[in-house]
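# Structural description and commentary
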Protein chains: 2
Amino acid sequence: MKSDIILLGHGSGGMLSHRLLDELIVPTLSGIGPREQNDAAVLPEVNGRLAFTTDSYVVDPLFFPGGDIGCLAVYGTVNDLAMAGARPLAISVGLILEEGLPVADLKRVLESLRAAADRCQVAIVTGDTKVVPRGKADKLFINTTGIGVLQHDLDIRGSGARPGDQVLINGPFGDHGMAVLVSREGLELTSAIMSDCAPLHELVHDLLTGLGAAVHVLRDPTRGGVATTLKEIARQSDVAIILNETALPVNPPVAGACAILGLDPLFVANEGKLLACIAPEAAAQALAIMRRHAPAGEPGPTIIGEVHGESGGKVRMRTAIGGMRAIEMLAGEQLPRIC
Amino acid sequence: MKSDIILLGHGSGGMLSHRLLDELIVPTLSGIGPREQNDAAVLPEVNGRLAFTTDSYVVDPLFFPGGDIGCLAVYGTVNDLAMAGARPLAISVGLILEEGLPVADLKRVLESLRAAADRCQVAIVTGDTKVVPRGKADKLFINTTGIGVLQHDLDIRGSGARPGDQVLINGPFGDHGMAVLVSREGLELTSAIMSDCAPLHELVHDLLTGLGAAVHVLRDPTRGGVATTLKEIARQSDVAIILNETALPVNPPVAGACAILGLDPLFVANEGKLLACIAPEAAAQALAIMRRHAPAGEPGPTIIGEVHGESGGKVRMRTAIGGMRAIEMLAGEQLPRIC
């Protein structure tokens, strides 16, 4: 790369575009030699239903404690596939670059995309790069779209929760959103908060293999947090979900930062957590599987609530002092550009 | 929709996000009732290899003569699938909205996405919407990613050109890029230039059904235009391509506008054109198939050149006065944000 910043010409389709692709993007993302300059990637025939999901990432800042926009984009898409019970097969990467972006930043993001894809054993098979003039985007946006394969006949969806189901989470929540916010605002805290950014497909594989049809719902509580995702499940399944406040796992630095900033961790985004509605007889086994995948030294996987048949669409929380609090979706914006 | 502009809260994942999705985006794009709020769409098992392609669209202005960013995004992705010989199966739509975007503009773009998808008989099955603060994007960016199915064993790729192949184009070139440029700059011309924005999958289907293995390469000359795409094919196939200047079809208003602005239509983007390298014995039949799909009253499909075995990677043009001109890729930027 002769230039150390991105120029408009890198998006023109001409010689500069080819150089950017040949010298930086394709070698970093694919790890292979000369790229195939075709308009579409061709994948071998697969056996099984397909899962298909897309997400654009506009997180600010690009780099934050525990992750960056690159691994976020890969794990986010892998996790969305996993929530349908699918094994990730292939992903696409669409980049929108702002003129003037340091090439070093782009390189760092590409390396993170690649490392995350390697960790998930998913191939980045096709991509696109656009450049817009200074001031028409903010440094770098990424779209990742994924294809997954369902190698079972289970029907995992938000409408599958049933009365009696136990509601599980695989660890403490609120870390990703607070890590990004603290980093963006330059807040000084005594304890570092790290994003929980991580892939969930192996955990999901083990849950489905171990529990089969006892797994009713899987959802990752990203934007809007645990509260919004549970509210969506309650509505889709026409059930009530009752949470136990005393069971909710939140890391102390996250709880502290939320208290200072007047935020409720229930509404803060996560990028390595899943909520599962599990048939009651299988809940203990689900917890045990989640524990095998949980990092050491954290409040571990927990049963945080239960599904009830009456009051469809409602989420309520049994508070520490024995009251009941209704949980609603946020009306407006809590934390913009968190993913 | 209570607000007539997009607010940051429309991207929060909370109540405003749900309203935007439930009241505008999902009904317009899917035409169906309540959306399935799952993290991924699940598609039935398919028979055949899969094609997979992604493109982000950042065209400025959003609306231009002959099209807009919505139909451009659908046709662009359908065409990239078609260039691998695939029938489009499903597409995803990722929206990045700038705070303050008029909801009326978003609605118009969504309606165009939907109409284009209907025309191509492809389903929009999954999506994502992000909102960034004012000044952090330019109105609206779209990523469309597509899955297609290959229902044949042919291997259509840029490396497939062979000496003797005839190089065909299905109509005049340069219209899309000039339509966008004229519209963006507010130029006043005596004749209107319309984008050629159109889907090509049915033409490709007929070419593959009619000619089979005589179809060696299919590429759509978008960014970088006919010249850049031919240069890519010449390099990938390690052949030379000789163009005949007198055979090149350019609509007179496009030629006129290019002359005024000092642009070469060979490098201007197209969105409804394809270049095909066809075995010589099948070229006449390919032209006949292309003519059946060409709009009336235009310079029609044409053989514009031939593939040669020597001087691999070179593209040359036999000029009107009998000379030879080397065609190289553009070094820098010709027209930014053309797609």
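The rules we used
Residues numbered from 1 in each chain as written. Chains lettered and ligands numbered in written order. Predicted model: local features only at pLDDT ≥ 70, side-chain atom pairs only at ≥ 80, totals over all residues. Heavy atoms only, no water. Helix = DSSP H or I, 4+ residues; strand = E, 2+ residues; numbered from the N terminus. Rg over C-alpha atoms; globule rule 2.2 N^0.38 Å. Buried < 20%, exposed > 50% of the residue type's maximum accessible area, 1.4 Å probe, protein only. Contact = heavy atoms within 4.5 Å. Areas by Shrake-Rupley, 256 points an atom, 1.4 Å probe, with all protein chains shown as cover. Lys, Arg positive; Asp, Glu negative; His and termini not counted. Charge placed at Lys NZ, Arg CZ, Asp CG, Glu CD. Pairing = 2+ DSSP bridges. Axes fitted to C-alpha atoms, helices over the stretch in contact; angles between N-to-C directions. pLDDT = per-residue confidence, 0-100. Salt bridge = Lys/Arg side-chain N within 4 Å of Asp/Glu carboxyl O. Domains from an automatic or database assignment. Buried area = accessible area lost by both parts, 1.4 Å probe. Phe/Tyr/Trp six-rings, centres within 6.5 Å; stacked < 30°, edge-to-face > 60°. Lys NZ or Arg CZ within 6 Å of the ring centre and 35° of its normal. Parallel < 35°, antiparallel > 145°, perpendicular 65-115°, else oblique. Left-handed = near helix turned anticlockwise from the far one by under 90°. Nonpolar A, V, L, I, M, F, W, Y, C, P; charged D, E, K, R; others polar. Patch = residues over 30% accessible without salt bridge, like charges linked within 9 Å, V, L, I, M, F, W, Y side chains within 5 Å. Least-squares fit on C-alpha atoms with pLDDT ≥ 70 in both.

Right, let's talk about the overall build of chain A for a bit. Across its full length, chain A carries eight helices and 14 strands. For chain A, the C-alpha radius of gyration of 21 Å lies close to 20 Å, the compact-globule estimate for 339 residues. For chain A, the spread of C-alpha atoms along the principal axes amounts to about 65 × 50 × 35 Å. The buried share among the 339 residues of chain A stands at 63%. Sequence separation of at least 24 residues holds for 85% of the intrachain contacts in chain A that already meet a minimum separation of 6. By element, 51% of the accessible surface of chain A is carried by carbon and sulfur atoms, the whole surface being about 12000 Å². Distance from the positive charge centre (28 side chains) to the negative charge centre (38 side chains) of chain A: 1 Å.

Spatial ordering of the open sheet is given by β1(A)-β2(B)-β7(B)-β5(B)-β6(B), a layout of five strands whose pairing is mixed. Edge positions in the open sheet fall to β1 (41-43) of chain A together with β6 (123-132) of chain B, since each of these has one partner strand only. Direction aside, the axes of adjacent strands within the sheet are offset by 15 degrees on average. The pairing of strand β5 (residues 87-98) of chain B with strand β7 (residues 140-150) of chain B spans 10 bridges and is classified as antiparallel. Within the sheet, the bridge partner assigned to L95 of chain B lies in β7 of chain B and is I142 of chain B. In this fold helix α1 (residues 15-30) of chain B packs onto β5 and β6 of chain B, with an angle of close to 140 degrees to the strand it touches most, β6 of chain B.

What follows deals with the confidence of the model for chain A. Averaged over every residue, the pLDDT of chain A is 94; residues scoring 70 or more account for 98%. Confidence metrics for the complex model read pTM 0.96 and ipTM 0.95.

Next up on the list: the sheet that holds strand β8 (residues 166-169) of chain B. All names here are of chain B. Read across the open sheet, the seven strands follow the order β9-β11-β8-β12-β10-β13-β14; overall the sheet is mixed. Edge positions in the sheet fall to β9 (215-219) and β14 (324-327), since each of these pairs with one other strand and no more. Neighbour to neighbour, the strand axes of the sheet diverge by 25 degrees on average, direction disregarded. As judged from the four bridges shared by strand β13 (residues 315-318) and β14, these two strands associate in the antiparallel manner. Looking at β14, one finds that V315 is bridged to I327. Each of β9 and β11 (275-278) touches helix α5 (residues 201-211); the most contacted strand, β9, lies at about 170 degrees to it.

All names here are of chain A. This structure, assessed with the given rule, holds 32 salt bridges over all chains. Between K139 and D60 there is a salt bridge, and its shortest N-O distance comes to 3.9 Å. Placement of K139 in the loop between β6 (123-132) and β7 (140-150) and of D60 in the loop between β2 (49-57) and β3 (63-64) is noted, with a sequence separation of 79 residues between them. What makes D60 buried here is its relative accessible area of 18%. With its nearest N and O atoms 3.1 Å apart, the salt bridge here joins D155 to R157. Residue class for D155 comes out partly exposed when judged on its relative accessible area of 48%. For R157, a relative accessible area of 29% corresponds to the partly exposed category. Overlapping salt bridges, with partners in common, bring together D60, D138, K139, R184 and R337 in one network.

Residues and elements named next belong to chain A. For P253, the position within the fold is in helix α7 (residues 252-261). Once the C-alpha coordinates of P253 and I193 are considered, the two residues, 60 residues apart in sequence, prove to be 6.5 Å apart. In contact with P253, other than residues within four places in its own chain, are S191 and I193.

All names here are of chain A. Under the domain assignment used here, chain A contains domain 1 (8-150) and domain 2 (158-327). The straight-line distance from the C-alpha centre of domain 1 to that of domain 2 is 28 Å. In this complex, domain 1 contributes 20 residues to the contact, which on the side of domain 2 involves 20 residues. A buried area of about 1700 Å², summed over both sides, lies between domain 1 and domain 2, and 65% of it is on carbon and sulfur atoms. Run the count over domain 1 and domain 2 and you get one salt bridge.

Cis geometry is adopted by the peptide bond preceding P61 of chain A, which originates at D60 of chain A and carries an omega value of 5 degrees. Take P61 of chain A: it is sitting in the loop between β2 and β3. Of note, Q121 of chain B is a non-glycine position whose phi angle comes to about 50 degrees, a positive value. Looking at where Q121 of chain B falls in the secondary structure, it is placed in the loop between α3 (103-120) and β6. In this model, D238 of chain B sits at a positive phi of 50 degrees, which is unusual for a non-glycine residue. Within the fold, D238 of chain B resides in the loop between α6 (225-237) and β10 (240-244).

Overall, the coordinates contain one aromatic pair over all chains when judged by the stated rule. Ring geometry for F141 of chain A and F141 of chain B: centres 6.5 Å apart, planes at 50 degrees, overall tilted. Highlighted residues: F141 of chain A in strand β7 and F141 of chain B in strand β7, drawn from two different chains. No difference in accessibility class separates F141 of chain A from F141 of chain B, as the two residues are buried. Sitting above the plane of the F63 of chain A ring, R108 of chain A keeps its charged end 3.6 Å from the centroid.

Residues and elements named next belong to chain B. Between α5 and helix α8 (residues 283-293), whose axes approach to 10 Å, the crossing angle comes to 150 degrees. Considered as vectors, α5 and α8 are oriented roughly antiparallel to each other. Here the hand of the crossing between α5 and α8 comes out right-handed. Counting all contacts with α5, which are made through E202, L203, D206, L207, G210 and L211, the residues of α8 involved are Q285, A286, I289, M290, R292 and H293. When grouped by side-chain class, the residues that make up the contact of α5 with α8 number six nonpolar, three polar and three charged.

Residue and element names in this part refer to chain B. A two-sided burial pattern is seen for β8, the buried positions comprising Q166 and L168 on one face and V167 and I169 on the other. Here β8 runs beside strand β12 (residues 302-308); their pairing, made up of four bridges, is antiparallel. Bridging from a neighbouring strand, L168 pairs with I303 of β12.

Residues and elements named next belong to chain A. Among the surface-exposed residues, L187, L189, I260 and L261 lie close enough to one another that they form a single nonpolar patch of about 330 Å² accessible area. By the secondary structure assignment, L261 is in helix α7. On the basis of relative accessible area, L261 is assigned to the partly exposed category, the value being 36%.

What follows concerns the relation of the copies chain A and chain B. For the pair chain A and chain B, the superposition axis carries a translation of 0.0 Å, the fit reaches an RMSD of 0.0 Å, and the rotation angle comes to 180 degrees. Such a combination of rotation and displacement between the chain copies is what one expects of a two-fold axis. Considering only C-alpha atoms, the part of chain A nearest the rotation axis is A137 of chain A, at 2.0 Å. The residues that chain A uses at the interface reappear at the interface of chain B in 100% of cases, marking a shared surface.

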